[in-house]
Amino acid sequence: MPLMTDTPGRLLAQQALSRTAGAPLLGGNSAELLIDAAAHYDAWLAAIRGARQRVLLENYIIRNDEVGLAFRDALVERAQAGVFVAVVVDWVGCLGQSRSVFWAPLRAAGGHVRIFNPPQLGQPFGWISRDHRKLLVVDGTLGFLSGVCISAKWLGDPARGVPPWRDTGVALRGPVVAELEAAFAQSWGETGTPLPPLASATAQAAAGPAGDVSLRLIATQPATAGMYRLDQLVASLARKTLWLTDAYFVGLAPYVQALVAAARDGVDVRLLVPGSSDIPMVAAMSRSGYRPLLKAGIRVFEWNGSMLHAKTAVADGQWARVGSSNLNIASWLGNHELDVAVEDAGFADKLAAQYERDLGNATEIVLAAPRRRGRSERVRSSQARPPRVRRGGGSSGRAAAGALRIANSVGAALTNRRVLGSTSSGPLFVGALALALLSVITILWPAWIGWPLGVLAAWFAFNLGIRSWRVRKRRGQAPREADDD
């Protein structure tokens, strides 16, 4: 990938990357990898407790448990000391995780807490877009972004034999910190009045560059697709290696085609995904897409730990990405996400070394010859998978997660390996079963279908009516304001 050499190709790549991501290349930064939640929480809490001017915290989930309480109490202490504290959390992410009473002590201490995108009348589809960012900025000099939420489940449960979740983040200093604050200000402004002007970090500016790392901060907003276009471009530019880690991989066809084209062109493309996910439905969708990847020569690995939640990429030992964006349509086009794309060989080498360590706790998925003539190749594990690790909960139901684990365990016990069937037979069978059940309910108990549809239609009619009234009201106010002028 012509990113780091002084050639005309480098200039062309720089221009393409900047235009694609919608983010300029910033020099003079330092970037430190943070591996797993314990390292994150230690660094984050130390930074918060040392704050002197301001703390800006944005996270998808802050849970009312021992970890969440530790963060809340640290924020309360800083607010009581006169530090400006502002927090943005997502409404869906914190639903059932933390309530207003959890934030009452911080608000009473003078801190500010806003909930991103709660349900609103007049916006029937507004809830779809979520704030999936994980960001912390302290005093305008130190910033963090990650895939880690603030919840004890990221630490696992040693008493129950549940290891920590595997996740990755980065600590940043330098000019990029101002971009982090701008990203927070954008999210804050979408929840109410804009963020007040922040004092510049004059001490940092006087000290000069924080390091020699060049990077881009990609603050994705709905429908901007900056990270999606950048992921596609990097897949096209990679010349030797492209190693991907993702928690909820459901690749769109154009991106899958870009990966396939790279692999067929000789690029070592690898994809590391969870073997046991907190959202089993997404894991099943990921597995249904393995076959075209494997047939193109892409190597697919499944993590053997409790949950793989990291979102990273490293290409050619020169380019690396860390952040909150998953390789799926929700992150690429629907959510507010935050990632850093680092163009530094030293940082990329560290991330590549971590990737290789992660593969030591993963099982490779391969194509096997069909058992019968005329059948397509089977997708199976390359070796006997170790016993499934218990997970520490998640956003999916325990029953669904348990059923998936039981099925995997039985299959492993009978065959000594996990074998997947045809990529199309599973979804087709589930779809047929669901439609058959729906048809039976519709015929025998039509009210069970009619009443929910009627309520749903009334809800959308009510919200669209409010939206129409607001638009007409604004349209009527515009001529009056013009007449007043």
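Residues numbered from 1 in each chain as written. Predicted model: local features only at pLDDT ≥ 70, side-chain atom pairs only at ≥ 80, totals over all residues. Heavy atoms only, no water.

1. Re the packing of aromatic side chains
Under the convention used in this document: Stacked, tilted and edge-to-face pairs are distinguished by plane angle, under 30 degrees for stacked and over 60 for edge-to-face with tilted covering the rest, among Phe, Tyr and Trp rings (Trp via its six-membered ring) whose centres lie within 6.5 Å. Secondary structure elements are taken from DSSP: a helix is a run of H or I of four residues or more, a strand is a run of E of two residues or more, and numbering for both begins at the N terminus. For every residue, the accessible area obtained with a 1.4 Å probe (protein chains only) is divided by the maximum for its type, and the residue is called buried under 20%, exposed over 50%, and partly exposed between those limits. Throughout this description, the term charge over a ring refers to an Arg CZ or Lys NZ atom that lies within 6 Å of the ring centre and within 35 degrees of the ring normal.
For the structure shown, the criterion picks out nine aromatic pairs. A ring pair is formed by F184 and W188, whose centres lie 5.8 Å apart and whose planes are at 25°; its orientation type is stacked. One end of the pair is F184 and the other is W188, both in helix α5 (residues 176-189) and four residues apart, which spans about a single turn. A relative accessible area of 0% places F184 in the buried class. Look at W188 and you get buried, because its relative accessible area is 4%. Judged by centre distance (5.1 Å) and plane angle (65°), the rings of Y255 and W332 are edge-to-face. Of the two residues, Y255 sits in helix α8 (residues 253-264) while W332 sits in helix α11 (residues 329-334), which places them 77 residues apart along the sequence. Among the residues examined, W332 registers a relative accessible area of 0% and is labelled buried. An aromatic cluster of at least three residues, connected via ring pairs, comprises Y41, W44 and F71. Lying across the ring of F102, R72 places its NZ or CZ 5.2 Å from the centre.

2. Details of α5
We count it as follows: Given the number of residues in a helix, its expected span is that number minus one, multiplied by 1.5 Å.
The terminal C-alpha atoms of α5 lie 20 Å apart, and with 14 residues this matches the ideal 20 Å at 1.5 Å per residue to within 8%. The complete set of buried residues in α5 reads V176, V177, L180, E181, A183, F184, Q186, S187 and W188.

3. Side note on the packing of helix α2 (residues 36-49) against helix α3 (residues 66-80)
Using the following cut-off: Note on definitions: angles span 0 to 180 degrees between N-to-C directions of axes, and those axes are lines fitted to C-alpha atoms, for helices only across the stretch in contact. By definition in this entry, angles of less than 35 degrees are roughly parallel, angles greater than 145 are roughly antiparallel, angles of 65 to 115 are roughly perpendicular, and the rest are oblique. The hand of a helix crossing depends on one turn: near helix anticlockwise from the far one by less than a right angle means left-handed, and clockwise means right-handed. Only heavy atoms enter the contact rule, under which two residues are in contact if any of them lie within 4.5 Å.
Put simply, α2 and α3 touch, their axes get as near as 9 Å, and they point 15° apart. The orientation of α2 relative to α3 falls into the category roughly parallel. As α2 packs across α3, the resulting crossing turns out to be left-handed. Residues Y41, W44, L45, I48 and R49 of α2 form the contact with α3, whose own contacting residues are V67, A70, F71, A74, L75 and R78.

4. Focus: the pattern of salt bridges
As a reminder of what qualifies: Each reported salt bridge corresponds to a side-chain nitrogen of Lys or Arg within 4 Å of a carboxyl oxygen of Asp or Glu.
In total, this model carries 13 salt bridges according to the counting rule given. In this structure, the salt-bridge partner of R130 is D90, at a minimum N-O distance of 3.1 Å. Taken together, the positions of R130 in the loop between β4 (112-116) and β5 (134-138) and D90 in strand β3 (residues 84-90) put the pair 40 residues apart, joining distant regions of the chain. Its relative accessible area of 0% is what places D90 among the buried residues. With a shortest N-O distance of 3.2 Å, D231 and R321 are connected by a salt bridge. Of the two residues, D231 is situated in helix α7 (residues 226-237) and R321 in strand β13 (residues 319-323); the sequence distance between them amounts to 90 residues. Comparing D231 with R321 shows no difference in burial state: the two are buried.

Note that all results are geometric; they support no functional claim without further evidence.
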